[in-house]
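A look at the structure
The primary structure of each chain is shown beneath.
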Amino acid sequence: MRLSEARAHKLLSLRALAEKSGVSESNIYRLERGDWLPSLRTARKLADALEMEPEEIDEIRAAVEKAGRGKDPARVG
């Protein structure tokens, strides 16, 4: 499921998810656009705020998979 779909399913605006997760609106927006990969800690914050596992959210799963290959998730773009 895409992050934007998960937000909509939980009836959360970008601002509400930012407040609930402690992740900035701009970073959530960048993540939804594919312009940024979060750290594992940030990925967990977002998943917890959405009451989901990180692997259930496409954009967050990418960060988890990248970290699993022995690389730190890095900012893209």
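Report on the accompanying structure. Fair warning: this is a prediction, and the values are worked out from it, not measured in the lab.

Thresholds applied
Residues numbered from 1 in each chain as written. Predicted model: local features only at pLDDT ≥ 70, side-chain atom pairs only at ≥ 80, totals over all residues. Heavy atoms only, no water. Salt bridge = Lys/Arg side-chain N within 4 Å of Asp/Glu carboxyl O. Helix = DSSP H or I, 4+ residues; strand = E, 2+ residues; numbered from the N terminus. Buried < 20%, exposed > 50% of the residue type's maximum accessible area, 1.4 Å probe, protein only. Arc of directions from axis to C-beta. Contact = heavy atoms within 4.5 Å. Axes fitted to C-alpha atoms, helices over the stretch in contact; angles between N-to-C directions. Parallel < 35°, antiparallel > 145°, perpendicular 65-115°, else oblique. Left-handed = near helix turned anticlockwise from the far one by under 90°.

**Let's talk about the pattern of salt bridges**
Counted by the stated rule, this structure contains 9 salt bridges. The salt bridge involving R44 is made with D48; its shortest N-O contact spans 3.1 Å. Remark: D48 and R44 occur in helix α4 (residues 40-49); sequence separation between them is 4 residues, near one turn of the helix. Among the ionic pairs, R44 bridges to E53, the shortest N-O distance being 3.7 Å.

**Things to note about helix α5 (residues 58-68)**
Within α5 the residues assigned to the buried category are E59, I60, A63, K66 and A67. The buried residues of α5 occupy one face: seen down the axis, they fall within an arc of 120°. If you follow the buried residues of α5, they end up packed against α1 (3-9), α3 (25-33) and α4.

**Thoughts on α4**
Along α4, the positions that sit buried rather than exposed are T42, A43, L46, A47 and A49. Taken down its axis, α4 places every buried residue within 165° of arc, on the same side. Buried residues in α4 make contact with α2 (14-21), α3 and α5. Remark: E51 follows α4 within two positions and exhibits a positive phi of approximately 55°.

**Looking at the packing of α2 against α4**
Running from N to C, α2 and α4 point in directions that differ by 115°, and their axes come no closer than 9 Å. Judged on the interaxial angle alone, α4 and α2 are roughly perpendicular. In this structure, α2 crosses over α4, and the sense of that crossing is right-handed. On α4, the residues touching L17, K20 and S21 of α2 are K45, L46 and A49.

**Structural notes on the packing of α2 against α3**
Contact geometry of α2 with α3 gives a least axis separation of 9 Å together with a crossing angle of 115°. As for how α2 packs across α3, the hand of that crossing is right-handed. Residues L14, R15, L17, A18 and S21 of α2 form the contact with α3, whose own contacting residues are E25, I28, Y29 and E32.

These values are about where atoms sit, not about what they do.
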